[in-house]
Protein chains: 2
Amino acid sequence: MHEVANPVTTVETAFEIVEYVAEHDGAGVSEIATDLDRAKSTIHRHLGTLVQRGYLVEDGGYSLGLRFLDLGLDARDGRPLYHEAHAKVDELAERTGEKVWCMTAENGRSIHLHGASGTQSVRTNSREGDVGYLHQHAAGKAILAHRSPEHVGDIVERYGLPTRTDDTITDGDELFDHLERIRERGYAFNREESVPGLYAVGAPITDDRGVAIGALSISGPANRLAGETLTEEFPELLLGAVNEIEINLSHG
Amino acid sequence: MHEVANPVTTVETAFEIVEYVAEHDGAGVSEIATDLDRAKSTIHRHLGTLVQRGYLVEDGGYSLGLRFLDLGLDARDGRPLYHEAHAKVDELAERTGEKVWCMTAENGRSIHLHGASGTQSVRTNSREGDVGYLHQHAAGKAILAHRSPEHVGDIVERYGLPTRTDDTITDGDELFDHLERIRERGYAFNREESVPGLYAVGAPITDDRGVAIGALSISGPANRLAGETLTEEFPELLLGAVNEIEINLSHG
DNA sequence: AATTCCTGTTTCACTCATGGGAACAGAACT
DNA sequence: AGTTCTGTTCCCATGAGTGAAACAGGAATT
């Protein structure tokens, strides 16, 4: 997994602070110092520099600055996948009435790129930009199935297989078995592996070399995604959409 | 403007690198090193740590990581203004057919929070998350008009009054005159001060104490935003929308 | 095929900046 | 007035970031 030899520790603490503020909006110097186990003076100085650059704002407690929004949208808009998948995701959501996501992978984690809700979509607590684990959902497994075994092994080694429900895959061998079948089948299922009562289908978006660069998924309540809807109708819709996206990406 | 005494310089260089990559997508170690005038080894080590944390990705050249998207959307969703203004902006765009923006200020700079296009909107190159100068547009001036003169003075001192068109305000006294009139009038105009041929109206969104926390603006081609449309109709629409937003913010 | 000129990588001293401790001030509450 | 938080500032020691140089690998040149 190519560990970094000498990380710049000062930068790491800076981002630890940023990430702490992200999770504890409105935190103050003392609170951050005690929770991160650093001297108040250290935190104070870091906060000052981060504020000056616009990455944090202070208003009786520190919060994330909108500087991140600029960079974040820049990052998103830099991915052709986002642009190509956007309309297709919306279309699938309208057609199926369910929740549809375009996801991608980065650093061995899954990232929600764009989602659309149909008329009867379940309300999940997922949000664009959310970071998750690839082995926990249909889209992520579809991606893993189309990556090299070494790559998958590295990811498992790096993050483990954290559990979310009783049905989350927690065993490495089991995961590889799943991926094998997903590769043969062409798409992945998720039966309550991430959220109880939630089923999903996911299909990979691959590049010219057959490596997955992302995936689309349709998810909904288990009772509605039953029988041929789950095993025939939705997979077919996904494969059609995915195919179009792949063509547009290799373009044109 | 409360300068930071001792900035953490290592963190500053880290963000210099991040910002460089944002503007030069796909840049490499050598390029960054020469342009930022640092040793290659330094850049190399910084890039490594930033990649490991997910803030950059490497794929034959470095790019912004989607980690920023997560933080950026977090920052955006943390602002009540964004949520309250969202629907109103969409509504105004549909009703007027023009481009409507909700903007806010941070660190003395303007930030595009949410925009909506009407049926005949001009295509501007503005994007959500974009950072700009407050004195250059209607929304920004509306905000400045409802901030303390000292605060405005600090901002002018910090960033100057950069020009964009022949009509951009470049003189401090002139700016304060404008703000005076905007304060009396209740809304601001922008006649080709940011983009040639583009007119706009902006109205401030203030808190309980009368301090501006953001603004709405409607912009369109000068020929269409003429006469009473600019001076009567749109200001009235804006003031109505702004008023509702203010009520919801102080809530409720 | 050999050479050149790019990359990116690694190593290693040196120095400077980071980090922590402690002293300080100001607010909020008792 | 006293207590206990908060955030701020100073300063010193040390540990970490920086840069120079040497290195390796690839691409494009000859």
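Everything numeric in this text was worked out from a predicted model, so none of it was measured.

Examining the overall build of chain A
Right, so step 1: Looking only at helices and strands, one finds nine helices and eight strands in chain A.
Right, so step 2: Looking at chain A as a whole, 52% of its 252 residues are labelled buried.
Right, so step 3: Sequence-distant contacts, at least 24 apart, represent 56% of the contacts inside chain A between residues at least 6 apart.
Right, so step 4: Once the 23 positive and 43 negative side-chain charges of chain A are each reduced to a mean point, those two points are 3 Å apart.

Focus on the protein's contact with DNA strand D
Right, so step 1: Around DNA strand D sit 18 residues, and of these Thr-9, Ser-30 and His-44 of chain A together with Ser-41 and His-46 of chain B come closest.
Right, so step 2: Each atom of DNA strand D within 4 Å of the protein belongs either to a base or to sugar and phosphate, the latter forming 67%.
Right, so step 3: In this structure, Ser-41 of chain B approaches DNA strand D through a side-chain N or O atom, which is 2.5 Å from a base nitrogen.
Right, so step 4: In the environment of DNA strand D, a phosphate oxygen lies 2.7 Å from a nitrogen or oxygen atom belonging to the side chain of His-46 of chain B.
Right, so step 5: Put simply, the parts of the chain that give the surface near DNA strand D at least two residues each are α1 (9-23), α2 (29-36) and α3 (40-52) of chain A together with α1 (9-23) and α3 (40-52) of chain B.
Right, so step 6: Tallying contributions element by element places α3 of chain B first for the surface near DNA strand D, with four residues.
Right, so step 7: By residue class, the composition of the surface near DNA strand D is four nonpolar, eleven polar and three charged.

Brief notes about the sheet that holds strand β8 (residues 212-221) of chain B
Residues and elements named next belong to chain B.
Right, so step 1: Taken in spatial order, the six strands make up an open sheet running β5-β4-β3-β8-β7-β6, and their pairing is antiparallel. Two strands close off the open sheet at either side, each with one partner strand: β5 (131-133) and β6 (188-191). Across the sheet, the axes of successive neighbouring strands diverge by a mean angle of 35 degrees, strand direction being ignored.

Comments concerning the packing of helix α7 (residues 149-159) of chain A against helix α8 (residues 172-185) of chain A
For any two helices packed against each other, the geometry is given by the interaxial angle and the distance between the axes.
Residues and elements named next belong to chain A.
Right, so step 1: In the contact formed by α7 and α8, the axes pass within 12 Å of each other and the chain directions differ by 145 degrees. For α7 against α8, the interelement crossing comes out right-handed. For the pair formed by α7 and α8, the contact residues are Pro-149, Val-152, Gly-153 and Val-156 on the first element and Leu-175, Phe-176 and Leu-179 on the second.

Observations concerning the UniProt feature "domain: IclR-ED" (unreviewed entry) in chain A
Right, so step 1: UniProt annotation of "domain: IclR-ED" (unreviewed entry) refers to residues 67-251 of chain A when read in the numbering used here.
Right, so step 2: A distance of 33 Å separates the end C-alpha atoms of residues 67-251 of chain A, which is 46% helix and 23% strand.

Quick word on unusual backbone geometry
All names here are of chain A.
Right, so step 1: One non-glycine residue, Asp-37, adopts positive backbone phi at about 60 degrees.
Right, so step 2: Following the sequence through the fold, Asp-37 ends up in the loop between α2 and α3.
Right, so step 3: Of note, Asn-107 is a non-glycine position whose phi angle comes to about 60 degrees, a positive value.
Right, so step 4: Looking at where Asn-107 falls in the secondary structure, it is placed in the loop between β3 (99-106) and β4 (109-116).

Quick notes on the protein's contact with DNA strand C
Right, so step 1: Near DNA strand C, the surroundings consist of 18 residues, among which Ser-41 and Thr-42 of chain A together with Thr-9, Thr-10 and His-44 of chain B are the closest.
Right, so step 2: Expressed as a percentage, the sugar and phosphate content of the atoms of DNA strand C within 4 Å of the protein is 64%.
Right, so step 3: With respect to DNA strand C, the side chain of Ser-41 of chain A contributes an N or O atom lying 2.6 Å from a base nitrogen.
Right, so step 4: A distance of 2.7 Å is found between a phosphate oxygen of DNA strand C and a side-chain nitrogen or oxygen belonging to Thr-42 of chain A.
Right, so step 5: Mapped onto the surface near DNA strand C, the elements with two or more residues apiece are α1 and α3 of chain A together with α1, α2 (29-36) and α3 of chain B.
Right, so step 6: Looking at the surface near DNA strand C, the element that brings in the most residues is α3 of chain A, giving four residues.

Some details on the relation of the copies chain A and chain B
Right, so step 1: Overlay of chain A on chain B (RMSD 0.0 Å): rotation 180 degrees, translation along the axis 0.0 Å. The superposition operator between the copies reduces to a two-fold rotation axis.
Right, so step 2: When the interface residues of chain A are mapped onto chain B, 100% of them again fall at the interface, so both copies present the same face.

Description of empty space enclosed by the protein
Residue and element names in this part refer to chain A.
Right, so step 1: Under the criterion given, the structure shown has four cavities of 30 Å³ or more.
Right, so step 2: Roughly 60 Å³ of volume is contained in the largest cavity.
Right, so step 3: Gly-108, Tyr-133, Leu-134, His-135, Leu-144, Ile-155, Val-156, Tyr-159, Gly-160, Leu-161 and Leu-175 are the residues that line the largest cavity.
Right, so step 4: Take the lining of the largest cavity: its biggest share by element is three residues, from α7.

Observations concerning the domain arrangement of chain A
Right, so step 1: Domain annotation for chain A reports domain 1 (9-72) and domain 2 (79-250).
Right, so step 2: Taking the mean C-alpha position of each, domain 1 of chain A and domain 2 of chain A sit 34 Å from one another.

A few points about a negative patch on the surface
Right, so step 1: Together, Asp-171, Asp-173, Glu-174 and Asp-177 of chain A give the surface a local cluster of negative charge.
Right, so step 2: Mapped onto the elements of the fold, Asp-173 of chain A is located in helix α8.

What about the nonpolar core?
Nonpolar side chains in soluble globular proteins tend to be buried together.
Right, so step 1: The biggest cluster of nonpolar side chains holds 104 residues, and the ones touching the most others in it are Leu-50, Leu-64 and Leu-216 of chain A together with Leu-50 and Leu-216 of chain B.
Right, so step 2: Per-element tally for this core: the top contributor is α1 of chain A, with eight residues.
Right, so step 3: Setting aside anything within four residues of it in sequence, one finds Leu-64 of chain A in contact with Val-18, Val-21, Ala-22, Asp-25, Tyr-55, Leu-56 and Val-57 of chain A together with Leu-71, Asp-74, Ala-75 and Arg-79 of chain B.

Brief notes about the pattern of salt bridges
Once their charged atoms are close, side chains differing in charge can pair, the charge on each being opposite to the other.
Right, so step 1: If you walk through the whole model with that rule in mind, you get 30 salt bridges over all chains.
Right, so step 2: Arg-53 of chain A serves as the salt-bridge partner of Glu-19 of chain B, at 3.8 Å between the closest nitrogen and oxygen. Of this pair, Glu-19 of chain B sits in helix α1 while Arg-53 of chain A is found in the loop between α3 and β1 (56-58), placing the two residues in two different chains.
Right, so step 3: The class for Arg-53 of chain A is partly exposed, based on a relative accessible area of 24%.

Thresholds, definitions, all that
Residues numbered from 1 in each chain as written. Chains lettered and ligands numbered in written order. Predicted model: local features only at pLDDT ≥ 70, side-chain atom pairs only at ≥ 80, totals over all residues. Heavy atoms only, no water. Helix = DSSP H or I, 4+ residues; strand = E, 2+ residues; numbered from the N terminus. Buried < 20%, exposed > 50% of the residue type's maximum accessible area, 1.4 Å probe, protein only. Contact = heavy atoms within 4.5 Å. Lys, Arg positive; Asp, Glu negative; His and termini not counted. Charge placed at Lys NZ, Arg CZ, Asp CG, Glu CD. Near = heavy atom within 4 Å. Polar contact = N/O pair within 3.5 Å; in protein donor to acceptor, adjacent residues only side chain to side chain. Nonpolar A, V, L, I, M, F, W, Y, C, P; charged D, E, K, R; others polar. Pairing = 2+ DSSP bridges. Axes fitted to C-alpha atoms, helices over the stretch in contact; angles between N-to-C directions. Left-handed = near helix turned anticlockwise from the far one by under 90°. UniProt positions renumbered as here; feature names shortened; annotations may be inferred. Least-squares fit on C-alpha atoms with pLDDT ≥ 70 in both. 1 Å grid on protein atoms, 1.4 Å probe; cavity = no way out; pocket = protein on both sides within 12 Å on 5 of 7 lines; lining within 4 Å. Points joined across faces, edges and corners; volume = space filled by probe spheres on them. Domains from an automatic or database assignment. Patch = residues over 30% accessible without salt bridge, like charges linked within 9 Å, V, L, I, M, F, W, Y side chains within 5 Å. Areas by Shrake-Rupley, 256 points an atom, 1.4 Å probe, with all protein chains shown as cover. Salt bridge = Lys/Arg side-chain N within 4 Å of Asp/Glu carboxyl O. Core = buried A, V, L, I, M, F, W, Y, C linked by side-chain atoms within 4.5 Å.

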